[in-house]
Amino acid sequence: MPALGRPPSPRKIVKTGTFLLSRGYYTRDPHNPMRILALLPLIAAASVLAADAPKSSADREKAWKADIFPILEKSCIGCHGKDPAKKPKGGLNLMTLDAATKGGKDAGAGFTWGDASKSSIYKGAELGIKDREDEAAMPPKKSKSEPLTAAQLAKLKAFIEAK
Ligand code: HEC
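Residues numbered from 1 in each chain as written. Predicted model: local features only at pLDDT ≥ 70, side-chain atom pairs only at ≥ 80, totals over all residues.

## Quick notes on the overall build of the protein chain
- When its secondary structure is counted, the protein chain shows 6 helices and 0 strands.
- Each helix and strand of the protein chain, ordered N terminal to C terminal, gives the series α-α-α-α-α-α. (Helix = DSSP H or I, 4+ residues; strand = E, 2+ residues; numbered from the N terminus.)

Have a look at this one:
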């Protein structure tokens, strides 16, 4: 059986769509029913993006490296594993996906796939934004590290709950 090729990347689809739009392939006349065609690249890109969500552990590892670790690197790892000579706080090491998934000493699994509300890393980061006074808020209120932004928190949730 011939192998199926990889689907085009979302960026490529959007680029092609934008190119066609710029060349006037899609009409801008609001009364022309062909105008709907202009939406096709967006719909296609959305479905490819959905299909790209991490579901296998290889996909997860990739997303961890590209999107998630850089977020935690900025706000968290100073206390959670950056210096191998120091014990990570709360026993939680965020330097690798495996260690992060396992979690720390008291708060349970770092990541419970499919459920951010049962993932200690998500819960700590969420409190870090929504309730700075809570003693479980991460980074802790006293620290100089920046809490996640709402967009970063949403990314973290999508990473945990991707199907
Ligand atoms: C300035 C240091 C510091 C930073 C930065 C920091 N933490 Fe922590 N974290 C701690 C300390 C200290 C504890 C342990 C609290 C305790 O044991 O009572 C802890 C504990 C935790 C725990 C609980 C571990 C367990 O199972 O007991 C989680 C989850 C956590 N941190 C996540 C994060 C996340 C996510 C970030 C980044 C958004 C972060 N931390 C940033 C100091 C920090």
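## A look at helix α5 (residues 120-130)
- Within α5, the full set of buried residues consists of Ser 120, Ile 121, Tyr 122, Gly 124, Ala 125, Glu 126 and Gly 128.
- For α5, the elements touching its buried residues are α4 (97-102) and α6 (150-161). (Buried ≥ 20, exposed ≤ 12 C-beta atoms within 10 Å, placed from the backbone. Contact = placed C-beta atoms within 7 Å.)

## Side note on the packing of helix α3 (residues 57-75) against α6
- Contact pair α3 / α6: the axes reach a minimum separation of 10 Å and the direction vectors enclose 140 degrees. Here α3 is positioned oblique relative to α6, judged by the angle of their axes. By crossing handedness, the relation of α3 to α6 is classed as left-handed. Taking contact as the criterion, the partners of Ala 63, Asp 67, Ile 68 and Ile 71 in α3 are, on α6, Gln 152, Lys 155, Leu 156 and Phe 159.
- Of the residues contributing to the contact of α3 with α6, the split by class is 5 nonpolar, 1 polar and 2 charged. (Axes fitted to C-alpha atoms, helices over the stretch in contact; angles between N-to-C directions. Parallel < 35°, antiparallel > 145°, perpendicular 65-115°, else oblique. Left-handed = near helix turned anticlockwise from the far one by under 90°. Nonpolar A, V, L, I, M, F, W, Y, C, P; charged D, E, K, R; others polar.)

## A closer look at the packing of α5 against α6
- Close contact between α5 and α6 brings their axes to 10 Å; oriented N to C, the two are set at 160 degrees. When the axes of α5 and α6 are compared, the pair comes out roughly antiparallel. Once α5 is placed against α6, the crossing between them reads as left-handed. Residues Tyr 122, Ala 125, Glu 126 and Ile 129 of α5 touch α6, and the partners they reach there are Ala 150, Leu 153, Leu 156, Lys 157 and Ile 160.
- Of the residues contributing to the contact of α5 with α6, the split by class is 7 nonpolar, no polar and 2 charged.

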